[in-house]
Amino acid sequence: MSVSSSAVQSTLVENRVFEPSASTVAAARVSGMEAYHALCAEAERDYEGFWARLAREQLVWHKPFTQVLDESNKPFYKWFQDGELNASANCLDRHIGTPTEHKTAIIFEADDGTVTKVTYKELLAKVSQFANALKAMGVQKGDRVVIYMPMTIEGVVAMQACVRIGATHSVVFGGFSAKALQERIQDAGAVAVITANYQMRGGKELPLKAIVDEGLALGGCDSIKNVVVFQRTASPCNLVAGRDVLMHEVMAAQSSVCAPEMVGAEHPLFILYTSGSTGKPKGVQHSTGGYLLWARQTMDWTFDLQPNDVFWCTADIGWVTGHSYVAYGPLAAGATQIVFEGVPTFPHAGRFWQTIEKHRCTIFYTAPTAIRSLIKAAETDAKVHPKNWDLTSLRLLGSVGEPINPEAWMWYYRNIGGERCPVVDTFWQTETGGHMITPLPGATPLVPGSCTLPLPGISTAIVDEMGNDVANGQGGILVVKKPWPSMIRTIWGDPQRFKKSYFPEELKGYYLAGDGAVRSEDRGYFRITGRIDDVLNVSGHRMGTMEIESALVGKTDLVAEAAVVGRPDDLTGEAIVAFVVLKRPVPTGDEAKALATELRNWVAKEIGPIAKPKEIRFGENLPKTRSGKIMRRLLRSLAKGEAVTQDTSTLENPHILEQLAKSN
Ligand code: ATP
Ligand code: MG
């Protein structure tokens, strides 16, 4: 573990501040900073009372809890343990008999632009039918079910149906390979896989069921009794007699009424394998009560959800963001949401903006990687610039997944939000279940590139390697001091790894997020500086890779994206290698040399000569996980000139490795 110091961070001090408008403050649920501080003070005064109040207000309990937090077996915390509820009942049944019953729950925007809508009542009927079908197949409370499906209404139905009968789902992103799928099926000991024959992405029909067959054929999946296939397209697929069934057929045979199975609050709602950007995927296990509470509560606080909002979170259900802010949070809150099947660049790179206009979207939540690629597209092709669409329906923007650099933040704020919409930069993780550090739209003054302050009740702090608090302005390790309801419960099947990874002994029992961060001296705002294993040590100077990347991307006329890693160096200990994607074709020869020199001098000017990359390599893209995150561990190998031997099955664009392996 190492800590990034403040020495080289000064150039990234951001002076622009955007206060929420008076009308936004007036209309907001958490209205103004006093309201925020009052909530924080409530949690401070009576921690358990605070969480108990929220859990009673936000969730429908079949059996009320009497105990709030059980700390008897740290760090295996339990919340609301003797309470009973069902997550699907909390997302669907609770709206029946209220005006929400006939409200549109999901606006499904298919890859080809076809729109399908379902109301809450219709969604409940589908979920119940499918839940009955799963039961008829023998799926029981406590069983694990792997879901390998495209973004569709049926994907959400599958998740909701599992939890309705008390089964624990594990969604595997539809872009993962047969091998990655097989490993997850095996690790979870799943009894069934729910998939689709094909998925549609960018106008192409891509096989899913064939990959399931391939994965199961790799062996070790004897626990699987059934494969359920949703027919997304008319194309036929292989069906194994006695094992494989069609979703619509098994549903047709069932009643659309299914009593939800009540479970204890600690019952595992789902297992989700993290994206693997830093190593072997971990099966992050979440609870029913605590997790759902936070998915629901953050809809009110972070997004300040209002009854007429049209909410759109672009994340796939294969990621935690697609769990908390597609499958659970918006439904528990009774929102109307857009579920989008396609890709942001099909049929053109204005698709997101066009879709916002088409459905009069009011809250838009996406990832920096998408924003950066759409900036590049808009700047090279005026036809896909957001100004071609009417985005005035928007009132709030969100960002998640990676630090958003101030330049991208400003572009998003200006060009998408029309300088009218607050941008909530939400820091959180698969392990945290929901937002941790984020502005509140009607309260927090915004600073580009900063996720600002923790939500009420969330005790994030920055400490040194011994767990001691560090002063504002000083970089350190991001921790959470107190347990919170939606925290990871364990790593599925590996409690020791859970303890070791997240609660290392030297950190006083704090939850270790694995990210570095620094708080600003003036406001105490948090800024994430990158993973703690992404800290470089050049001639004794410590700096976060994020700092150098931000500087490079700050050269807005030239650079679209950059990733920085270290490589051992005899002279300086570590040398900086930067991988850069330009806003122009990949340069070669003298042009590449000249541009590299220009960029090195730029970084020297922005941060200081010590941060000058020793080498700059250009590529048309960077190696990314399917969730769009840069895989720095692969870049580290490339920078050292090593062959890439690590698992690349979660990589979106493997061919890019060859291009980046070469020095200019
Ligand atoms: P793995 O744990 O397998 O390496 P991962 O950490 O990428 O994968 P996620 O849980 O999806 O998987 O991502 C959480 C991480 O994403 C955080 O730890 C942080 O590094 C980064 N992150 C998410 N949101 C933000 C944000 N708003 N600002 C900065 N970083 C963010
Ligand atoms: Mg992680």
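All of these numbers come straight from a predicted model, not from anything done at the bench. (Residues numbered from 1 in each chain as written. Chains lettered and ligands numbered in written order. Predicted model: local features only at pLDDT ≥ 70, side-chain atom pairs only at ≥ 80, totals over all residues. Heavy atoms only, no water.)

## Focus: the overall build of the protein
Turning to step 1, where the next piece is worked out: A count of helices and strands for the protein gives 19 helices and 30 strands.
Turning to step 2, where the next piece is worked out: Computed over the C-alpha atoms, the radius of gyration of the protein is 24 Å, within 12% of the 26 Å expected from 2.2 N^0.38 for a compact globule of 664 residues.
Turning to step 3, where the next piece is worked out: When the backbone C-alpha atoms are referred to their principal axes, the protein occupies close to 70 × 60 × 50 Å.
Turning to step 4, where the next piece is worked out: Taken across its 664 residues, the protein has 63% of its residues classed as buried.
Turning to step 5, where the next piece is worked out: Pairs at least 24 residues apart make up 71% of the contacts formed inside the protein by residues separated by at least 6 positions.
Turning to step 6, where the next piece is worked out: Carbon together with sulfur atoms contributes 50% to the accessible area of the protein, which is approximately 23700 Å² in total.
Turning to step 7, where the next piece is worked out: Distance between charge centroids for the protein: 1 Å, based on 68 positive and 72 negative side chains. (Helix = DSSP H or I, 4+ residues; strand = E, 2+ residues; numbered from the N terminus. Rg over C-alpha atoms; globule rule 2.2 N^0.38 Å. Buried < 20%, exposed > 50% of the residue type's maximum accessible area, 1.4 Å probe, protein only. Contact = heavy atoms within 4.5 Å. Areas by Shrake-Rupley, 256 points an atom, 1.4 Å probe, with all protein chains shown as cover. Lys, Arg positive; Asp, Glu negative; His and termini not counted. Charge placed at Lys NZ, Arg CZ, Asp CG, Glu CD.)

## What about the sheet that holds strand β29 (residues 573-582)?
For sheets, the rule is that strands pair by backbone hydrogen bonds, running either parallel or antiparallel.
Turning to step 1, where the next piece is worked out: An order of β28-β29-β30 is seen for the 3 strands of this open sheet, with the pairing classed as mixed. In this open sheet, the two strands that pair with only one neighbour each are β28 (559-569) and β30 (615-618). Each adjacent strand pair in this sheet contributes to an overall mean axis angle of 25°, direction not counted.
Turning to step 2, where the next piece is worked out: Relative to β29, β28 is paired through 10 bridges, and the arrangement is antiparallel. When the sheet's bridge partners are listed, R567 is paired in β29 with A575.
Turning to step 3, where the next piece is worked out: Contacts between helix α16 (residues 545-553) and the sheet are confined to β28 and β29, with β28 contributing the most and set at about 145° to the helix. (Pairing = 2+ DSSP bridges. Axes fitted to C-alpha atoms, helices over the stretch in contact; angles between N-to-C directions.)

## Focus on the environment of R351
Turning to step 1, where the next piece is worked out: Along the chain, the position of R351 falls in helix α12 (residues 351-359).
Turning to step 2, where the next piece is worked out: By relative accessible area, which is 2% here, R351 ends up buried.
Turning to step 3, where the next piece is worked out: With near-sequence residues (within four places) excluded, R351 lies in contact with E109, A110, D111, D112, G113, F340, V343, P344 and F346.

## Concerning the side chain of N197
Turning to step 1, where the next piece is worked out: Within the fold, N197 resides in the loop between β8 (192-196) and β9 (198-201).
Turning to step 2, where the next piece is worked out: A polar atom in the side chain of N197 sits 2.9 Å from the backbone oxygen of T233.
Turning to step 3, where the next piece is worked out: Other than its neighbours up to four places away in sequence, N197 contacts P207, L208, K209, V229, F230, Q231, R232, T233, S235 and C237. (Polar contact = N/O pair within 3.5 Å; in protein donor to acceptor, adjacent residues only side chain to side chain.)

## Things to note about unusual backbone geometry
Turning to step 1, where the next piece is worked out: With an omega dihedral of -5°, the bond running from K74 to P75 counts as a cis peptide bond.
Turning to step 2, where the next piece is worked out: By secondary structure assignment, the location of P75 is in the loop between β1 (69-70) and β2 (78-79).
Turning to step 3, where the next piece is worked out: Its identity as a non-glycine residue notwithstanding, F80 has a phi of 55°, on the positive side.
Turning to step 4, where the next piece is worked out: One non-glycine residue, R360, lies in positive phi territory at about 50°.
Turning to step 5, where the next piece is worked out: Here R360 shows up in the loop between α12 and β18 (363-366).

## Here's the deal with the UniProt feature "binding site: CoA" (unreviewed entry) in the protein
Turning to step 1, where the next piece is worked out: As annotated in UniProt, the feature "binding site: CoA" (unreviewed entry) corresponds to R201, G202, G203, K204, T321 and S539 in the numbering used here. Annotated residues spanning 339 residues; largest pairwise C-alpha distance 50.5 Å, indicating distribution over more than one region.
Turning to step 2, where the next piece is worked out: Within the secondary structure layout, R201 lies in strand β9.
Turning to step 3, where the next piece is worked out: For R201, the contacting residues outside a window of four places in its chain are D111, F173, L206 and V343.
Turning to step 4, where the next piece is worked out: Take K204: it is sitting in strand β10 (residues 204-207). (UniProt positions renumbered as here; feature names shortened; annotations may be inferred.)

## Details of the domain arrangement of the protein
Turning to step 1, where the next piece is worked out: Looking at the assigned domains, one finds that the protein contains domain 1 (22-343 + 427-514) and domain 2 (535-661).
Turning to step 2, where the next piece is worked out: For domain 1 versus domain 2, the distance between C-alpha centres works out to 34 Å. (Domains from an automatic or database assignment.)

## A look at the pairing of strand β4 (residues 104-109)
Residues in a regular strand project their side chains so that they alternate between the two faces of the sheet.
Turning to step 1, where the next piece is worked out: Taking burial as the measure, the 6 residues of β4 include 5 buried ones, the bulk of the element.
Turning to step 2, where the next piece is worked out: Summarising the sheet, β4 and strand β5 (residues 115-119) pair through 5 bridges and their orientation is antiparallel. Each bridged residue has a counterpart across the sheet, and for E109 the counterpart in β5 is V115.
Turning to step 3, where the next piece is worked out: What sits between β4 and β5 in their antiparallel hairpin is a turn of 5 residues, with G113 showing a positive phi close to 95°.
Turning to step 4, where the next piece is worked out: In the sheet, β4 pairs with strand β17 (residues 336-340) via 4 bridges, with the strands oriented parallel. Across the sheet, residue I106 finds its bridge partner in β17, namely Q337.

## Description of the pattern of salt bridges
Turning to step 1, where the next piece is worked out: Summed over all chains, the structure comprises 36 salt bridges.
Turning to step 2, where the next piece is worked out: R164 serves as the salt-bridge partner of D93, at 2.8 Å between the closest nitrogen and oxygen. Here R164 lies in helix α6 (residues 153-164) and D93 lies in the loop between α4 (87-91) and β4, a separation of 71 residues in the sequence.
Turning to step 3, where the next piece is worked out: Judged by its relative accessible area of 25%, D93 falls in the partly exposed class.
Turning to step 4, where the next piece is worked out: The salt bridge involving D244 is made with K209; its shortest N-O contact spans 2.8 Å. (Salt bridge = Lys/Arg side-chain N within 4 Å of Asp/Glu carboxyl O.)

## Some details on the packing of helix α5 (residues 120-136) against α6
Turning to step 1, where the next piece is worked out: As a packed pair, α5 and α6 sit with axes 8 Å apart at the nearest point and diverge in direction by 60°. Our classification of the angle between α5 and α6 gives oblique. Two packed elements cross with a definite hand, and for α5 against α6 that hand is right-handed. Contact residues: α5 offers L123, L124, K126, V127, S128, F130, A131 and L134, while α6 offers I153, V157, A158, Q160, A161, C162 and R164.
Turning to step 2, where the next piece is worked out: The class makeup of the residues in the contact of α5 with α6 is 11 nonpolar, 2 polar and 2 charged. (Parallel < 35°, antiparallel > 145°, perpendicular 65-115°, else oblique. Left-handed = near helix turned anticlockwise from the far one by under 90°. Nonpolar A, V, L, I, M, F, W, Y, C, P; charged D, E, K, R; others polar.)

## Remarks on the sheet that holds strand β25 (residues 526-531)
Turning to step 1, where the next piece is worked out: Read across the open sheet, the 4 strands follow the order β21-β22-β24-β25; overall the sheet is antiparallel. Two strands close off the open sheet at either side, each with one partner strand: β21 (460-463) and β25. Averaged over all adjacent pairs, the angle separating strand axes in this sheet is 45°, with direction ignored.

## A closer look at the environment of V60
Turning to step 1, where the next piece is worked out: Secondary-structure assignment places V60 in the loop between α3 (47-58) and β1.
Turning to step 2, where the next piece is worked out: Classification of V60 by relative accessible area gives partly exposed; the value is 44%.
Turning to step 3, where the next piece is worked out: Taking C-alpha positions, V60 is 8.0 Å from A89, a pair spaced 29 residues apart along the chain.
Turning to step 4, where the next piece is worked out: Discounting residues that sit within four places of it in the chain, V60 has contacts with L85, N90 and R94.

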